[in-house]
Amino acid sequence: MNSESDFIDYLKTQVQTVENLNMIKYFENQIKFKQQTEHYKDKIKVSISLIKFIETMCPNYSNVTIFGSFTRNLLEKIFMNSSEKGFGNPINHDIDMTIFDDISNYNREKDNFNDMISLFKILANNNSFDFNFYGYKIVDVSDKTLRETDLSEFAGFGKRFMINLPHFVLVLKKDNIMIKYDLLAYKVNHDNNWQNEYNINSLSITNKGIIINNPNEEKSYKFFNILHSVLEKEAVCNIPFEKILDNFLIKSRGEKIQILNQIIWFMTNRIKILSLGYKKISSDFKFIDYIIEKEEVCDLTGNNAPYIKIKLECSHYVSLMGLIGITNIRTSDWTESIKCPYCRASLNIKLIEIKPSEIIVPSEPEKDLINIDDYEIDMIINSDDNQNYISHILHKNQVPTNLTPTTESQTTRARNNYIASSRRSREEYFRIVQNRFNRDNDWGGHDEDRVIGWGVPESNQTRVREVPSP
Ligand SMILES: [Zn+2]
(Lines give C-alpha, C1' and ligand atoms only; values in the text may rest on other atoms or scores of the structure.)
Protein backbone atom coordinates (compact mmCIF):
# COMPACT_ATOMS: atom_id res chain seq x y z
CA MET A 1 0.00 0.00 0.00
CA ASN A 2 1.31 3.36 -0.95
CA SER A 3 1.04 6.37 1.29
CA GLU A 4 -1.38 8.19 -1.01
CA SER A 5 -4.12 5.58 -0.79
CA ASP A 6 -3.48 5.33 2.95
CA PHE A 7 -4.06 9.03 3.17
CA ILE A 8 -7.27 8.80 1.13
CA ASP A 9 -8.53 5.99 3.36
CA TYR A 10 -7.69 8.10 6.36
CA LEU A 11 -9.64 11.02 4.90
CA LYS A 12 -12.62 8.75 4.20
CA THR A 13 -12.80 7.59 7.81
CA GLN A 14 -12.51 11.18 8.97
CA VAL A 15 -15.35 12.28 6.71
CA GLN A 16 -17.41 9.32 7.90
CA THR A 17 -16.84 10.30 11.53
CA VAL A 18 -17.78 13.90 10.92
CA GLU A 19 -20.87 12.81 9.00
CA ASN A 20 -21.90 10.47 11.77
CA LEU A 21 -21.43 13.17 14.37
CA ASN A 22 -23.46 15.61 12.31
CA MET A 23 -26.19 13.03 11.84
CA ILE A 24 -26.27 12.29 15.56
CA LYS A 25 -26.46 16.02 16.29
CA TYR A 26 -29.15 16.43 13.68
CA PHE A 27 -31.31 13.67 15.10
CA GLU A 28 -30.80 14.84 18.66
CA ASN A 29 -31.93 18.25 17.55
CA GLN A 30 -34.97 16.87 15.76
CA ILE A 31 -35.98 14.82 18.80
CA LYS A 32 -35.66 17.88 21.02
CA PHE A 33 -37.69 19.97 18.60
CA LYS A 34 -40.39 17.31 18.43
CA GLN A 35 -40.55 17.09 22.23
CA GLN A 36 -40.90 20.87 22.53
CA THR A 37 -43.60 20.98 19.88
CA GLU A 38 -45.57 18.15 21.49
CA HIS A 39 -45.24 19.90 24.83
CA TYR A 40 -46.52 23.14 23.37
CA LYS A 41 -49.44 21.37 21.69
CA ASP A 42 -50.36 19.84 25.03
CA LYS A 43 -50.13 23.23 26.69
CA ILE A 44 -52.53 24.69 24.14
CA LYS A 45 -55.02 21.83 24.48
CA VAL A 46 -54.90 21.81 28.28
CA SER A 47 -55.15 25.60 28.42
CA ILE A 48 -58.22 25.73 26.20
CA SER A 49 -59.84 23.01 28.27
CA LEU A 50 -58.97 24.80 31.52
CA ILE A 51 -60.19 28.17 30.22
CA LYS A 52 -63.52 26.68 29.14
CA PHE A 53 -63.85 25.21 32.62
CA ILE A 54 -63.04 28.53 34.31
CA GLU A 55 -65.61 30.25 32.09
CA THR A 56 -68.17 27.72 33.25
CA MET A 57 -67.31 28.27 36.89
CA CYS A 58 -67.19 32.08 36.63
CA PRO A 59 -69.64 32.67 33.80
CA ASN A 60 -70.54 36.31 34.35
CA TYR A 61 -67.50 38.54 34.59
CA SER A 62 -64.46 36.45 33.74
CA ASN A 63 -62.23 37.24 30.77
CA VAL A 64 -59.39 34.74 30.93
CA THR A 65 -56.16 36.19 29.58
CA ILE A 66 -52.90 34.34 28.96
CA PHE A 67 -49.73 36.40 28.89
CA GLY A 68 -45.97 35.92 29.36
CA SER A 69 -43.74 33.36 27.69
CA PHE A 70 -46.62 31.22 26.43
CA THR A 71 -47.78 33.95 24.06
CA ARG A 72 -44.22 34.83 23.03
CA ASN A 73 -43.58 31.14 22.22
CA LEU A 74 -46.57 31.22 19.91
CA LEU A 75 -44.79 33.70 17.62
CA GLU A 76 -41.38 32.10 18.07
CA LYS A 77 -42.73 28.75 16.93
CA ILE A 78 -43.59 30.24 13.54
CA PHE A 79 -39.96 30.94 12.76
CA MET A 80 -38.50 27.61 13.87
CA ASN A 81 -37.96 24.38 12.06
CA SER A 82 -35.48 22.86 14.47
CA SER A 83 -34.61 23.25 18.11
CA GLU A 84 -32.64 26.37 18.99
CA LYS A 85 -31.10 27.36 22.25
CA GLY A 86 -33.92 28.57 24.47
CA PHE A 87 -35.86 30.18 21.61
CA GLY A 88 -39.43 28.90 21.35
CA ASN A 89 -38.80 26.29 24.03
CA PRO A 90 -41.95 26.00 26.15
CA ILE A 91 -40.58 23.36 28.53
CA ASN A 92 -40.12 24.58 32.12
CA HIS A 93 -42.13 27.74 31.51
CA ASP A 94 -45.24 28.33 33.59
CA ILE A 95 -48.37 29.61 31.89
CA ASP A 96 -49.42 33.01 33.25
CA MET A 97 -53.10 33.67 33.42
CA THR A 98 -55.47 36.31 34.77
CA ILE A 99 -59.16 35.52 35.17
CA PHE A 100 -60.86 38.90 35.56
CA ASP A 101 -60.04 42.19 33.87
CA ASP A 102 -59.98 44.15 37.11
CA ILE A 103 -60.66 44.00 40.81
CA SER A 104 -64.29 45.12 40.51
CA ASN A 105 -65.18 42.28 38.16
CA TYR A 106 -63.39 39.93 40.50
CA ASN A 107 -65.37 41.22 43.49
CA ARG A 108 -68.63 40.69 41.63
CA GLU A 109 -67.80 37.05 41.10
CA LYS A 110 -65.63 36.34 44.13
CA ASP A 111 -67.87 33.54 45.43
CA ASN A 112 -67.71 31.63 42.17
CA PHE A 113 -63.97 32.15 42.05
CA ASN A 114 -63.53 30.79 45.58
CA ASP A 115 -65.77 27.81 44.80
CA MET A 116 -63.58 27.07 41.82
CA ILE A 117 -60.37 27.19 43.85
CA SER A 118 -61.98 24.89 46.46
CA LEU A 119 -62.90 22.48 43.70
CA PHE A 120 -59.33 22.55 42.37
CA LYS A 121 -58.11 21.70 45.86
CA ILE A 122 -60.53 18.81 46.21
CA LEU A 123 -59.47 17.45 42.84
CA ALA A 124 -55.79 17.81 43.70
CA ASN A 125 -56.22 15.84 46.91
CA ASN A 126 -58.42 13.08 45.62
CA ASN A 127 -57.38 10.53 43.09
CA SER A 128 -60.76 8.89 42.83
CA PHE A 129 -62.23 11.55 40.54
CA ASP A 130 -61.66 10.91 36.90
CA PHE A 131 -61.63 14.61 36.20
CA ASN A 132 -59.06 15.86 33.75
CA PHE A 133 -58.13 18.60 31.37
CA TYR A 134 -57.23 16.96 28.09
CA GLY A 135 -55.82 14.00 29.98
CA TYR A 136 -54.00 16.14 32.55
CA LYS A 137 -55.07 15.89 36.19
CA ILE A 138 -54.69 18.58 38.80
CA VAL A 139 -52.07 17.31 41.26
CA ASP A 140 -51.38 20.43 43.30
CA VAL A 141 -52.87 23.81 44.13
CA SER A 142 -50.94 26.24 46.27
CA ASP A 143 -51.91 29.67 47.49
CA LYS A 144 -49.14 32.15 46.66
CA THR A 145 -51.08 35.29 47.54
CA LEU A 146 -48.63 37.90 48.76
CA ARG A 147 -49.30 39.47 52.16
CA GLU A 148 -47.98 42.78 53.45
CA THR A 149 -45.92 40.93 56.05
CA ASP A 150 -44.13 38.97 53.33
CA LEU A 151 -42.40 42.10 52.09
CA SER A 152 -39.41 43.78 53.59
CA GLU A 153 -38.90 47.52 53.39
CA PHE A 154 -37.06 47.71 50.09
CA ALA A 155 -37.21 44.20 48.74
CA GLY A 156 -39.92 42.84 46.53
CA PHE A 157 -39.90 45.51 43.95
CA GLY A 158 -42.21 44.44 41.17
CA LYS A 159 -44.20 42.59 43.79
CA ARG A 160 -45.61 45.37 45.94
CA PHE A 161 -48.57 45.80 43.63
CA MET A 162 -49.42 42.13 44.09
CA ILE A 163 -50.20 42.41 47.80
CA ASN A 164 -53.51 40.64 48.57
CA LEU A 165 -54.06 39.81 44.91
CA PRO A 166 -55.36 36.19 44.92
CA HIS A 167 -52.58 34.15 43.32
CA PHE A 168 -52.61 30.37 42.92
CA VAL A 169 -50.20 27.96 41.34
CA LEU A 170 -51.93 25.03 39.70
CA VAL A 171 -49.94 21.94 38.73
CA LEU A 172 -51.38 19.54 36.17
CA LYS A 173 -49.79 16.24 35.29
CA LYS A 174 -50.05 13.46 32.75
CA ASP A 175 -47.57 10.58 32.90
CA ASN A 176 -44.31 12.37 33.62
CA ILE A 177 -45.23 15.66 32.01
CA MET A 178 -46.20 18.59 34.19
CA ILE A 179 -47.83 21.87 33.22
CA LYS A 180 -47.84 24.69 35.73
CA TYR A 181 -50.28 27.59 35.77
CA ASP A 182 -49.67 30.88 37.50
CA LEU A 183 -53.21 31.98 38.14
CA LEU A 184 -53.88 35.59 39.12
CA ALA A 185 -57.45 36.58 39.99
CA TYR A 186 -57.29 39.86 38.10
CA LYS A 187 -55.04 42.18 36.11
CA VAL A 188 -53.26 44.87 38.01
CA ASN A 189 -53.46 48.32 36.58
CA HIS A 190 -50.66 50.23 38.13
CA ASP A 191 -48.73 53.18 36.84
CA ASN A 192 -45.41 51.58 36.56
CA ASN A 193 -42.53 52.14 34.20
CA TRP A 194 -41.53 48.52 34.60
CA GLN A 195 -44.51 46.72 33.09
CA ASN A 196 -44.24 44.95 29.69
CA GLU A 197 -40.54 45.60 29.73
CA TYR A 198 -39.94 44.12 26.27
CA ASN A 199 -42.08 44.42 23.18
CA ILE A 200 -41.88 40.65 22.61
CA ASN A 201 -43.47 40.08 26.04
CA SER A 202 -46.34 42.48 25.59
CA LEU A 203 -48.77 40.07 23.91
CA SER A 204 -51.69 38.42 25.60
CA ILE A 205 -54.30 36.00 24.34
CA THR A 206 -57.97 36.44 25.15
CA ASN A 207 -61.24 35.36 23.60
CA LYS A 208 -60.93 38.42 21.39
CA GLY A 209 -57.57 37.41 19.93
CA ILE A 210 -54.00 38.46 20.45
CA ILE A 211 -53.92 41.77 22.29
CA ILE A 212 -50.86 44.00 22.64
CA ASN A 213 -50.36 45.84 25.86
CA ASN A 214 -48.97 49.15 24.66
CA PRO A 215 -50.27 51.93 26.89
CA ASN A 216 -47.64 54.42 25.67
CA GLU A 217 -48.20 53.71 21.98
CA GLU A 218 -44.54 52.86 21.41
CA LYS A 219 -43.68 52.10 17.82
CA SER A 220 -41.74 48.98 18.77
CA TYR A 221 -44.89 47.65 20.42
CA LYS A 222 -46.92 47.55 17.23
CA PHE A 223 -47.70 44.04 16.06
CA PHE A 224 -45.63 44.07 12.87
CA ASN A 225 -42.68 45.49 14.78
CA ILE A 226 -43.05 42.74 17.35
CA LEU A 227 -43.02 40.15 14.56
CA HIS A 228 -39.88 41.80 13.21
CA SER A 229 -38.23 41.65 16.64
CA VAL A 230 -39.05 37.96 17.12
CA LEU A 231 -37.70 37.23 13.66
CA GLU A 232 -34.51 39.19 14.36
CA LYS A 233 -34.30 37.74 17.89
CA GLU A 234 -34.18 41.15 19.40
CA ALA A 235 -35.99 42.33 22.51
CA VAL A 236 -36.87 46.02 22.50
CA CYS A 237 -37.01 47.43 26.01
CA ASN A 238 -39.31 50.34 26.82
CA ILE A 239 -38.14 51.18 30.32
CA PRO A 240 -37.20 54.87 30.35
CA PHE A 241 -33.99 54.55 32.36
CA GLU A 242 -33.01 58.11 31.53
CA LYS A 243 -36.19 59.38 33.13
CA ILE A 244 -35.79 57.04 36.09
CA LEU A 245 -32.21 58.20 36.68
CA ASP A 246 -33.01 61.87 36.10
CA ASN A 247 -31.21 64.02 38.70
CA PHE A 248 -30.03 60.86 40.44
CA LEU A 249 -27.08 62.54 42.17
CA ILE A 250 -29.21 65.09 44.02
CA LYS A 251 -31.80 62.57 45.19
CA SER A 252 -32.12 61.55 48.81
CA ARG A 253 -30.43 58.39 49.99
CA GLY A 254 -33.79 56.61 50.31
CA GLU A 255 -34.79 57.47 46.76
CA LYS A 256 -31.40 56.40 45.43
CA ILE A 257 -31.70 53.03 47.16
CA GLN A 258 -35.15 52.45 45.73
CA ILE A 259 -34.05 53.27 42.18
CA LEU A 260 -30.89 51.17 42.39
CA ASN A 261 -32.85 48.23 43.79
CA GLN A 262 -35.30 48.47 40.92
CA ILE A 263 -32.46 48.49 38.41
CA ILE A 264 -30.71 45.57 40.13
CA TRP A 265 -33.99 43.65 40.20
CA PHE A 266 -34.46 44.29 36.49
CA MET A 267 -30.91 43.30 35.58
CA THR A 268 -31.14 40.16 37.73
CA ASN A 269 -34.54 38.94 36.60
CA ARG A 270 -35.23 40.34 33.19
CA ILE A 271 -31.95 40.13 31.32
CA LYS A 272 -32.55 36.37 31.18
CA ILE A 273 -34.28 36.93 27.85
CA LEU A 274 -30.73 36.62 26.48
CA SER A 275 -30.66 32.99 27.56
CA LEU A 276 -33.94 32.34 25.73
CA GLY A 277 -32.51 32.66 22.25
CA TYR A 278 -32.59 36.46 22.01
CA LYS A 279 -29.32 37.91 20.82
CA LYS A 280 -29.80 41.53 21.64
CA ILE A 281 -31.63 43.93 23.90
CA SER A 282 -32.23 47.32 22.35
CA SER A 283 -34.33 50.30 23.33
CA ASP A 284 -36.01 53.38 21.94
CA PHE A 285 -34.63 55.05 25.08
CA LYS A 286 -31.21 54.63 26.60
CA PHE A 287 -30.26 51.32 28.14
CA ILE A 288 -27.92 50.23 30.90
CA ASP A 289 -24.36 49.58 29.77
CA TYR A 290 -23.52 46.09 30.98
CA ILE A 291 -21.21 43.18 30.37
CA ILE A 292 -21.51 39.54 31.31
CA GLU A 293 -18.43 38.42 33.21
CA LYS A 294 -17.77 34.81 32.36
CA GLU A 295 -14.48 34.02 34.08
CA GLU A 296 -13.23 36.32 36.80
CA VAL A 297 -14.36 36.01 40.39
CA CYS A 298 -16.17 39.14 41.63
CA ASP A 299 -13.54 41.18 43.48
CA LEU A 300 -16.12 42.78 45.76
CA THR A 301 -18.04 39.70 46.91
CA GLY A 302 -15.89 36.73 45.91
CA ASN A 303 -18.80 35.22 43.94
CA ASN A 304 -17.99 33.03 40.97
CA ALA A 305 -18.70 33.87 37.31
CA PRO A 306 -20.89 34.22 35.39
CA TYR A 307 -22.53 37.42 36.55
CA ILE A 308 -23.55 40.79 35.20
CA LYS A 309 -21.45 43.90 35.66
CA ILE A 310 -22.92 47.30 35.01
CA LYS A 311 -21.03 50.40 34.08
CA LEU A 312 -20.97 53.46 36.29
CA GLU A 313 -20.63 57.08 35.18
CA CYS A 314 -17.06 57.05 36.50
CA SER A 315 -16.50 54.24 33.93
CA HIS A 316 -15.87 51.51 36.49
CA TYR A 317 -17.85 48.31 36.20
CA VAL A 318 -19.50 46.94 39.31
CA SER A 319 -21.14 43.52 39.69
CA LEU A 320 -24.84 43.35 40.56
CA MET A 321 -23.92 41.55 43.79
CA GLY A 322 -21.48 44.29 44.67
CA LEU A 323 -24.04 46.95 43.88
CA ILE A 324 -26.78 45.35 45.96
CA GLY A 325 -24.32 45.24 48.89
CA ILE A 326 -23.30 48.87 48.50
CA THR A 327 -26.93 49.85 48.29
CA ASN A 328 -28.48 47.78 51.03
CA ILE A 329 -25.99 46.50 53.59
CA ARG A 330 -25.72 49.24 56.14
CA THR A 331 -22.41 48.12 57.55
CA SER A 332 -20.74 48.53 54.20
CA ASP A 333 -18.05 51.22 54.02
CA TRP A 334 -19.66 52.86 51.04
CA THR A 335 -23.27 52.60 52.08
CA GLU A 336 -23.69 55.97 53.68
CA SER A 337 -23.07 58.08 50.64
CA ILE A 338 -23.44 55.44 47.90
CA LYS A 339 -20.10 55.78 46.13
CA CYS A 340 -18.15 53.84 43.57
CA PRO A 341 -16.20 51.16 45.45
CA TYR A 342 -13.19 51.65 43.16
CA CYS A 343 -12.73 55.42 42.90
CA ARG A 344 -15.10 56.81 45.55
CA ALA A 345 -16.84 59.06 43.05
CA SER A 346 -20.56 59.53 43.66
CA LEU A 347 -22.23 56.44 42.25
CA ASN A 348 -24.35 56.88 39.16
CA ILE A 349 -25.40 54.43 36.43
CA LYS A 350 -24.04 54.90 32.91
CA LEU A 351 -26.56 54.68 30.06
CA ILE A 352 -25.94 54.09 26.37
CA GLU A 353 -27.94 54.07 23.18
CA ILE A 354 -28.71 50.70 21.61
CA LYS A 355 -31.37 51.55 19.05
CA PRO A 356 -33.68 48.83 17.70
CA SER A 357 -32.60 47.45 14.34
CA GLU A 358 -34.14 49.28 11.41
CA ILE A 359 -37.00 47.81 9.47
CA ILE A 360 -36.07 48.32 5.83
CA VAL A 361 -38.57 50.61 4.17
CA PRO A 362 -37.93 51.45 0.50
CA SER A 363 -37.90 55.15 -0.33
CA GLU A 364 -40.58 56.59 -2.57
CA PRO A 365 -40.12 55.92 -6.28
CA GLU A 366 -39.33 59.01 -8.32
CA LYS A 367 -40.90 57.97 -11.60
CA ASP A 368 -44.56 57.54 -12.38
CA LEU A 369 -45.97 54.33 -11.06
CA ILE A 370 -48.31 53.86 -13.99
CA ASN A 371 -46.62 52.00 -16.76
CA ILE A 372 -47.71 48.43 -16.43
CA ASP A 373 -49.72 48.40 -19.65
CA ASP A 374 -50.55 44.75 -19.90
CA TYR A 375 -51.90 44.51 -16.41
CA GLU A 376 -54.08 47.56 -16.85
CA ILE A 377 -55.40 46.42 -20.21
CA ASP A 378 -56.33 43.08 -18.68
CA MET A 379 -58.38 44.95 -16.16
CA ILE A 380 -60.48 46.67 -18.81
CA ILE A 381 -61.06 43.76 -21.18
CA ASN A 382 -64.51 43.48 -19.74
CA SER A 383 -65.74 46.84 -18.50
CA ASP A 384 -68.47 47.09 -15.87
CA ASP A 385 -70.94 48.16 -18.49
CA ASN A 386 -70.35 45.00 -20.46
CA GLN A 387 -70.52 42.83 -17.38
CA ASN A 388 -73.68 44.49 -16.26
CA TYR A 389 -75.07 44.10 -19.73
CA ILE A 390 -74.44 40.37 -19.68
CA SER A 391 -75.63 39.74 -16.19
CA HIS A 392 -78.73 41.77 -16.82
CA ILE A 393 -79.63 39.61 -19.79
CA LEU A 394 -78.83 36.47 -17.86
CA HIS A 395 -81.18 37.51 -15.10
CA LYS A 396 -83.95 39.07 -17.13
CA ASN A 397 -83.53 36.94 -20.22
CA GLN A 398 -83.87 39.87 -22.58
CA VAL A 399 -81.87 42.79 -23.97
CA PRO A 400 -82.58 46.03 -22.16
CA THR A 401 -83.00 48.72 -24.79
CA ASN A 402 -81.09 51.46 -22.99
CA LEU A 403 -78.00 49.33 -22.53
CA THR A 404 -77.15 48.85 -26.18
CA PRO A 405 -73.59 49.87 -27.04
CA THR A 406 -72.93 53.47 -28.01
CA THR A 407 -71.09 54.46 -31.18
CA GLU A 408 -67.79 54.21 -29.41
CA SER A 409 -67.55 50.91 -27.60
CA GLN A 410 -67.04 51.11 -23.87
CA THR A 411 -63.86 49.08 -24.09
CA THR A 412 -62.28 51.36 -26.67
CA ARG A 413 -63.26 54.37 -24.63
CA ALA A 414 -61.80 52.88 -21.51
CA ARG A 415 -58.62 51.98 -23.34
CA ASN A 416 -58.28 55.55 -24.63
CA ASN A 417 -59.02 56.92 -21.21
CA TYR A 418 -56.40 54.68 -19.77
CA ILE A 419 -53.78 55.86 -22.23
CA ALA A 420 -54.70 59.44 -21.47
CA SER A 421 -54.51 58.83 -17.77
CA SER A 422 -51.11 57.17 -17.88
CA ARG A 423 -49.73 60.58 -18.81
CA ARG A 424 -51.20 62.10 -15.70
CA SER A 425 -49.08 62.93 -12.72
CA ARG A 426 -48.95 60.46 -9.93
CA GLU A 427 -50.65 62.86 -7.52
CA GLU A 428 -53.54 63.27 -9.88
CA TYR A 429 -53.82 59.54 -10.21
CA PHE A 430 -53.94 59.04 -6.47
CA ARG A 431 -56.63 61.70 -6.32
CA ILE A 432 -58.68 59.84 -8.90
CA VAL A 433 -58.40 56.59 -7.00
CA GLN A 434 -59.25 58.37 -3.79
CA ASN A 435 -62.33 59.97 -5.33
CA ARG A 436 -63.44 56.73 -6.79
CA PHE A 437 -63.44 55.05 -3.42
CA ASN A 438 -65.18 57.97 -1.75
CA ARG A 439 -67.91 58.22 -4.30
CA ASP A 440 -71.17 56.35 -3.74
CA ASN A 441 -74.25 56.97 -5.82
CA ASP A 442 -73.07 58.58 -9.04
CA TRP A 443 -72.80 55.73 -11.42
CA GLY A 444 -73.32 57.65 -14.64
CA GLY A 445 -71.36 60.50 -16.07
CA HIS A 446 -67.92 59.80 -14.62
CA ASP A 447 -67.00 56.71 -16.53
CA GLU A 448 -63.63 58.12 -17.36
CA ASP A 449 -62.37 57.93 -13.84
CA ARG A 450 -64.32 54.92 -12.81
CA VAL A 451 -63.46 52.41 -15.49
CA ILE A 452 -59.72 52.67 -15.45
CA GLY A 453 -57.30 51.23 -13.13
CA TRP A 454 -56.97 49.48 -9.89
CA GLY A 455 -60.27 47.78 -9.26
CA VAL A 456 -63.68 49.20 -8.83
CA PRO A 457 -65.41 49.63 -5.46
CA GLU A 458 -67.71 46.78 -4.63
CA SER A 459 -70.79 48.95 -4.57
CA ASN A 460 -70.26 49.74 -8.25
CA GLN A 461 -69.39 46.24 -9.34
CA THR A 462 -72.72 44.71 -8.59
CA ARG A 463 -74.97 47.55 -9.54
CA VAL A 464 -77.06 47.26 -12.66
CA ARG A 465 -78.40 50.31 -14.29
CA GLU A 466 -82.12 50.68 -13.61
CA VAL A 467 -84.15 49.44 -16.56
CA PRO A 468 -87.84 50.17 -17.02
CA SER A 469 -89.89 47.01 -17.47
CA PRO A 470 -91.30 46.63 -20.96
ZN1 LIG B 1 -15.42 54.54 39.90
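The model shown is predicted, which means the values in this text are computed figures rather than measured ones. (Residues numbered from 1 in each chain as written. Predicted model: local features only at pLDDT ≥ 70, side-chain atom pairs only at ≥ 80, totals over all residues.)

J.: I'd love a proper account of the overall build of the protein chain, names of residues and values included.
T.: Helix and strand counts for the protein chain come out as 14 helices and 14 strands. Per-residue burial over the protein chain gives 21% buried out of 470 residues. Restricting to contacts in the protein chain with at least 6 residues of sequence separation, those with at least 24 account for 66%. (Helix = DSSP H or I, 4+ residues; strand = E, 2+ residues; numbered from the N terminus. Buried ≥ 20, exposed ≤ 12 C-beta atoms within 10 Å, placed from the backbone. Contact = placed C-beta atoms within 7 Å.)

J.: Let's hear about helix H5 (residues 223-232): which residues, and what values?
T.: Along H5, the residues classified as buried are Ile226, Ser229 and Val230. For H5, the buried positions fall inside an angular range of 100° around the axis, keeping them on one side. The outward face of H5, more than 90 degrees from its buried face, is lined by the exposed residues Phe224 and Leu231. Downstream of H5 by a residue or two, Lys233 has a phi angle that is positive, lying close to 55°. (Arc of directions from axis to C-beta.)

J.: Which residues make up the environment of Ser282, and what are the values?
T.: Note on placement: Ser282 falls in strand E9 (residues 280-283). Non-local contacts of Ser282, meaning those with residues more than four positions away in its chain, are made with Glu234, Val236, Ile354, Lys355, Pro356 and Ser357.

J.: Hey, could you go over the pairing of strand E4 (residues 167-174) for me, with residue numbers and the actual values?
T.: Pairing of strand E3 (residues 137-143) with E4 involves 6 bridges; the strand directions are antiparallel. Residue Ser142 lies in a different strand from E4, and its bridge partner there is Val169. Where E4 meets strand E5 (residues 177-186), 8 bridges bridge the pair, whose relative direction is antiparallel. Directly across from Leu170, in E5, lies its bridge partner Tyr181. Adjacent in sequence and paired antiparallel, E4 and E5 are bridged by 2 residues, among which Asp175 carries a positive phi angle near 50°. (Pairing = 2+ DSSP bridges.)

J.: Got a sec to walk through the sheet that holds strand E12 (residues 307-311)? Specific residues and values, please.
T.: Hydrogen bonds along the backbone pair up the strands of a sheet, which may run parallel or antiparallel. Pairing is antiparallel in the open sheet, where 3 strands are placed in the order E11-E12-E13. Of all the strands in the sheet, the pair left with one neighbour each is strand E11 (290-293) and strand E13 (317-319). When the angles between neighbouring strand axes are averaged without regard to direction, this sheet yields 35°. Where E11 lies against E12, 4 bridges are found, and the strand directions are antiparallel. Along E12, the bridge assignment pairs Tyr290 with Ile310. Helix H8 (residues 320-328) rests against E12 and E13 of the sheet, and its axis sits at about 80° to E13. (Axes fitted to C-alpha atoms, helices over the stretch in contact; angles between N-to-C directions.)

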